[in-house]
Amino acid sequence: MNQDAVKGARQSLHGQWSSRLAFILAATGSAVGLGNIWRFPYVAGESGGGAFVIIYLGCILLIGLPVMMSEVLIGRRGRRNPVRTMAVLGEEEGSTRFWGLVGGMGVVAGFLILSFYSVIAGWSLAYVVESASGAFTGADSAAVQAVFGGLTDSVSRLGIWHTLFMVLTVVVVARGVQKGLERAVRVLVPALLVLLFVLLGYAITSGGFAEGAAYLFRPDFSEVTGGVVLMALGQAFFTLSLGMAAIMAYGAYLPEDTSIGSTSITVVVADTSIALLAGLVIFPIVFANGLAPDQGPGLIFLTLPLAFGDMAGGQFFATLFFVLLSFAAWTSAISMIEPAVAWMVERFDVTRAAAASVVGVIIWLLGFLTVMSFNVLSGATFGAGTIFDNIDHLTSNIMLPLGGLLIVVFAGWVMSENSTANELDLATPARYRLWRFLARYVAPVALVAVFLNAIGLF
Ligand code: PHE
C-alpha cells in the first residue's frame, strides 16, 4: 500500500489539537502531576534515595522515551481510541486484532489509577483550604501532623474532596479536546515551575540543603534490590503517563506535520526536571526538620507546610502551591480517562458527556477503597501493604510496564519499518535507527529483565 495514502488519510472523531504547542502542553499536563511532586519524593524516600534516582533516570531515557514515541506514533497512525487503534493497526500490519487488548488493559489501568489519584488530589484540594485559613502559619511538625491526620482519619472528609475532584475531571473531559483539555493546561505548567523555584530558594537556605541534595543524588548501590529497580521503573512509567495508552489517545489528536521525536523529548525533559526540582525542595526540608525521608504517601503533605509556615508570605504561597498542585493533578486525571471515554464514544455512539459520566461514577466508587485504606481499613494489609498500596503497586509497577512492553514490541516488531519510519519522520536516518534499536532491543530486554528480577528469577 502506498504509505502516504495511509498517512494523513485518517481523522479523529474527537477533533485535533490546535497546534504543536497545544499537544506539548496537553502531554506535559498529563505527565506533570502528583507523580512528580507527591509520588516521586515519597517513593525515592522509601527506596533509599540516590541509587533509586539514578536507575529512575536510566529508565526514563532508555525505556520511557522510546515507549512515549511509540505511543504517540501508534495513536496518530490509528487516529481512533486506543482499543480500536491497536486492533486496526494490528490487522493492517499483518498481525491480529487482538492487539486491541493492550488498549483495553490501558483503559482498566486508567480506572484503577484514577481511583486512588483522585483521593490524593483531594488531599491537595483540602490543603488549599487549610493553607488559606492559616492552619500552617508558624506550625511545627506536630501541628502539621494533626492537620494531616484530621483529614486522612475521616472517611467523610476524604470522600467529599475525592467527589469534588472527580466532578471537576468529568466536567473537563465531557467538554472535549480543544475546549476542555487545552484550556486547562496553558498557564498551569509555567506557574507551577515558578513556584517550585520559590520553594527551592527556601530549601537552599533551610540548613538541610547539602544533606537533602546528597540524599537525592549520591547513589549507594549496595542498597539496590530487585524491588528498588522495579519501583524506579514503575515511577518512570507513572510519571510519564506511559503504558496505559493515555499518550496514545492524545497522539490520535496530533496534527500530521508535528515531529513526534522533538515533542516527546520536550515532554520528557519538562517532566523529569519538575520531579527532580520537587525532590530538591522536599528533602532539605525533611532533613532540616529532623524528619524521616521514608514516611510514605504523606511525605509532601507533612513537610511542605513546615516550609510554608516558616517563610514570609507563607500563607499566600502555600495556598497558591496547593491550587497549582490540584491543577496539575487535574490535567493528569483528564488524560487517565480519555482512553475510556474515547472508546465508549466510538463503540456505543454516546456523547462525550454521557461516556465521561459513566466512567466517572465507576471510578468514584472504586475510589472509596483508597479512602478507607487510610482509616477504617488501614489494618487490612497484604502483599504491598494497604489496599491503596496494592492498587498502586499493581498498576504502576506491573500493568504500566507490561503495557509499555507490549506497546514497544508492537511498534518495534509488529509494525513495518516503512510504517514507523514514515510516521515518525525523524530528521536523520541515524535518529530513526536509534529509536528502532531502543524499541526493538533495549526497552523490551530491560523490561523483561526487571520483571524476572523482581519475581526473583534473575
Ligand atoms: N503522569 C501523571 C503524574 O505524574 C500520572 C498519570 C499516570 C497520568 C498514567 C496518566 C496516565 O501525575
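Scroll up to find the structure.
First, a word on what this report is: a plain description of the structure on this page. (Residues numbered from 1 in each chain as written. Predicted model: local features only at pLDDT ≥ 70, side-chain atom pairs only at ≥ 80, totals over all residues. Heavy atoms only, no water.)

A few points about the packing of aromatic side chains
We describe a pair of aromatic rings using the distance from one ring centre to the other and the angle between the two ring planes. So the rule is basically this: A pair of aromatic rings is counted whenever rings of Phe, Tyr or Trp (Trp by its six-membered ring) have centres within 6.5 Å, and the orientation is called stacked for planes under 30 degrees apart, edge-to-face for over 60 and tilted otherwise. What counts as a helix is a DSSP run of H or I of at least four residues, what counts as a strand is a run of E of at least two, and both are numbered from the N terminus. The buried label applies to any residue whose accessible area, calculated with a 1.4 Å probe on protein chains only, is under 20% of its type's maximum; exposed applies above 50%, and partly exposed to all values in between. Throughout this description, the term charge over a ring refers to an Arg CZ or Lys NZ atom that lies within 6 Å of the ring centre and within 35 degrees of the ring normal.
On inspection of all chains with the given rule, the structure shows 33 aromatic pairs. Ring geometry for Trp-123 against Phe-374: centres 5.0 Å apart, planes inclined by 75°, an arrangement best described as edge-to-face. Of the two residues, Trp-123 sits in helix α6 (residues 100–132) while Phe-374 sits in the loop between α17 (352–373) and α18 (387–414), which places them 251 residues apart along the sequence. Of the two residues examined, Trp-123 and Phe-374, each falls in the buried class. Lying over the aromatic face of Phe-238, Arg-39 brings its terminal NZ or CZ to 4.9 Å of the ring centre. Positioned above the aromatic ring of Trp-413, the side-chain terminus of Arg-440 is 3.8 Å from the ring centre.

Points about the environment of Gly-385
Rule in force here: We call two residues in contact when some of their heavy atoms are within 4.5 Å.
Summarising the element assignment, Gly-385 is placed in the loop between α17 and α18. With relative accessibility at 15%, the residue Gly-385 sits in the buried group. Residues Gly-385 and Ser-373, 12 residues apart in the sequence, show an inter-C-alpha distance of 9.6 Å. Beyond its immediate stretch of four places on either side in the chain, Gly-385 contacts Ala-380 and Asn-390.

Things to note about unusual backbone geometry
The backbone of Arg-79 sits at a positive phi, close to 55°, despite the residue not being glycine. Examined against the element boundaries, Arg-79 turns out to sit in the loop between α4 (50–78) and α5 (82–92). One non-glycine residue, Ser-241, adopts positive backbone phi at about 60°. Looking at the element boundaries, Ser-241 is found in the loop between α12 (226–239) and α13 (246–251).

Focus: the nonpolar core
Counted only if it meets this: Definition of nonpolar core: a set of buried residues of the types Ala, Val, Leu, Ile, Met, Phe, Trp, Tyr and Cys, connected through side-chain atoms within 4.5 Å.
In this structure, Trp-38, Ile-74, Trp-123 and Phe-321 are the most contacted members of the largest nonpolar core, which totals 161 residues. Take this core: its biggest share by element is 18 residues, from α6. Those residues within four positions of Trp-123 in sequence are excluded, and the remaining contacts are Trp-38, Phe-148, Leu-151, Thr-152, Leu-158, Pro-297, Gly-298, Phe-301 and Phe-374.

Regarding the pattern of salt bridges
Two side chains that carry opposite charge are able to pair once their charged atoms sit near each other. Basically, it comes down to this: What counts as a salt bridge is simple: a side-chain nitrogen of Lys or Arg found within 4 Å of a carboxyl oxygen of Asp or Glu.
The final tally for this structure, using the stated rule, is 9 salt bridges. Measuring nitrogen to oxygen at the nearest pair gives 3.8 Å for the salt bridge that ties Glu-91 to Arg-97. On the accessibility criterion, Arg-97 (42% relative accessible area) is partly exposed. Among the ionic pairs, Glu-338 bridges to Arg-352, the shortest N-O distance being 2.7 Å. Separated by 14 residues along the polypeptide, Glu-338 in helix α16 (residues 314–348) and Arg-352 in helix α17 bring together distant segments of the chain. Overall, Glu-338 belongs to the buried group, its relative accessible area being 0%. Salt bridges here are not isolated pairs; linked through shared partners, they connect Arg-76, Arg-77, Arg-79, Glu-256 and Glu-423.

Digging into the packing of helix α3 (residues 34–46) against helix α14 (residues 260–288)
Let me state the cut-off plainly: Axis lines are fitted through C-alpha atoms, for helices just across the contact stretch, and the angle between N-to-C directions can take any value from 0 to 180 degrees. Throughout this description, any angle smaller than 35 degrees is read as roughly parallel, any larger than 145 degrees as roughly antiparallel, any in the 65 to 115 degree range as roughly perpendicular, and the remainder as oblique. With the far helix as reference, a near helix turned anticlockwise by less than a right angle produces a left-handed crossing, and one turned clockwise produces a right-handed crossing. Each residue gets one of three labels, nonpolar for Ala, Val, Leu, Ile, Met, Phe, Trp, Tyr, Cys and Pro, charged for Asp, Glu, Lys and Arg, and polar for the others, Gly among them.
In contact at an axis separation of 9 Å, α3 and α14 are set at 60° when each is read in the N-to-C sense. In this view, α3 runs oblique relative to α14, as classed from their interaxial angle. Here the hand of the crossing between α3 and α14 comes out right-handed. Residue-level contacts link Asn-36, Ile-37, Phe-40, Pro-41, Ala-44 and Gly-45 of α3 to Asp-271, Ile-274, Ala-275, Leu-276, Ala-278, Gly-279, Ile-282 and Phe-283 of α14. Taken together, the residues of the contact of α3 with α14 sort by class into 10 nonpolar, 3 polar and 1 charged.

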